[in-house]
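Structural characterization, general
Next come the chains, spelled out residue by residue.
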Amino acid sequence: MKKALIIAMTMTIAIASCQKKKESNFDIDKNLDYCVTQANKSLTIAPDSIVIPRNIAPGSKDWKYVGYEDWTSGFWPGVLWYLYEYTGEAKWRAQADKYSHYLKPLSVRSATDHDLGFQVYSSFGNGFRLTKNPEYKDVILKTADTLATLFNPKVGTILSWPGMVKEKNWPHNTIIDNMINLEMLFEASKMGGSKSLYDIAVKHAETTMKNQFRKDNSVYHVVVFDTVTGKKIKGVTHQGYADNSMWARGQGWAIYGYTMVYRETKDPKFLDFAHKVTKVYLDRLPKDLIPYWDFDAPNLSKQPRDASAAALVASGLIELSTFTKDKTLAKTYLDKAEGMLAELSSSRYQSRNVNPAFLLHSTGHYPNGTEIDYSIIYADYYYLEALVRLKKVKAGENLIAPNKEVALKNN
């Protein structure tokens, strides 16, 4: 009996040891260090002009650069801010500040589309989060007021693409991507900006929740509204396969966006909805956890993947896990996020010596034939953000607050 008990205890310890080893198998710091190495390569080859990396084509080692007006312009400075947060090194802070300042003109011009949050909050927003620099605060406040001018109170959302009003006859159009821009409005309101910025963000989230989703909680990329009555005219796609298909990155914007809105409002309806839009995404994922660009595209196994959607969702899931009271579900979210990051960190997805980006195999705009199977800067941004967030969760730290080393340096 005693011998049997000893054998049973030994087996239990061995199983626990294996489980512990399995749980700690993903090396977060190793992959963060990889991002440092790759970003150093990009800095080394960056031209001495006011341009920002956007993408790298398959077979190329060279970034395509864009100006500050491009919707992706905030992600590279955002990457640099996260590298500063991880390393605490002044070099990364200086580079992040330099590239962020390239975007400063956005704060003093009229709004041309909804992307101001992507541009300014990914750059100056992260900069303010880490340094509390009052100059960054001023840029955020001015830009938030500019973004708010696109809000239509009759409809209850921010106009996404003014150019599409005539081009496609979409009187007031709102895309799911716009959910990410609300974070800047919330932050500006907390900084001392108008309370109306908070109200606009909440109303936009509520209207989108009511109109942008199908019965199964999958998302339309675009919803078109009547500007006179404020009523929904139709749901359509622009970057997805079809009007009724589930575009992978679009569902990712919803997961990330409603998780963030719950963080800022603490309204349980937004947390409940974040769970719903997450479930339909996770239920349909392939085994390796990296989605094809659209879940409903034909001949799915032959379609290109979208690493950017996987990185975006991984980052959103990590935050969602911290708000989830059901411990089993919270662990599921965190395990799925870590699984996504592990696959993205494999030789199948990391760029390594192929090019200086972090990741391969993102899909930008498939119907338009652009950025298919590319390295894209926003995939790198959300991948790095997810790694930083996972490291913080494992250490029991607040995801939004600066890590301890950086916080001490800036106090």
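Summarised in this report is the structure supplied together with it. (Residues numbered from 1 in each chain as written. Predicted model: local features only at pLDDT ≥ 70, side-chain atom pairs only at ≥ 80, totals over all residues. Heavy atoms only, no water.)

On to the sheet that holds strand 8 (residues 362-365), then. Spatial strand order, 2-1-9-8: four strands in an open sheet with antiparallel pairing. At either end of the open sheet lies a strand with only one pairing partner, and these are strand 2 (64-66) and strand 8. Within the sheet, the average angular offset between the axes of one strand and its neighbour, ignoring direction, is 50°. Bridge analysis of strand 8 against strand 9 (residues 370-376) gives three bridges, and the strand direction is antiparallel. By the bridge assignment for strand 9, Ser 362 is matched with Tyr 374. (Pairing = 2+ DSSP bridges. Helix = DSSP H or I, 4+ residues; strand = E, 2+ residues; numbered from the N terminus. Axes fitted to C-alpha atoms, helices over the stretch in contact; angles between N-to-C directions.)

Turning our eyes to something else, we now look at the pattern of salt bridges. Using the criterion set out here, one finds 26 salt bridges in the structure. Among the ionic pairs, Arg 54 bridges to Glu 371, the shortest N-O distance being 2.9 Å. Of this pair, Arg 54 sits in strand 1 (residues 52-56) while Glu 371 sits in strand 9, and the two are 317 residues apart along the sequence. Judged by relative accessible area, Glu 371 falls into the buried class, the value being 8%. Note that Asp 272 and Lys 276 form a salt bridge whose closest N and O atoms lie 3.3 Å from each other. You can see Asp 272 and its partner Lys 276 sitting in helix 11 (residues 268-283), four residues apart, about one turn around the helix. Judged by relative accessible area, which is 39%, Lys 276 ranks as partly exposed. Through salt bridges with shared partners, a single ionic network connects Glu 183, Glu 187, Lys 190, Arg 263, Glu 264, Glu 319, Glu 385 and Arg 389. (Salt bridge = Lys/Arg side-chain N within 4 Å of Asp/Glu carboxyl O. Buried < 20%, exposed > 50% of the residue type's maximum accessible area, 1.4 Å probe, protein only.)

What is shown is where atoms sit, not what they do.
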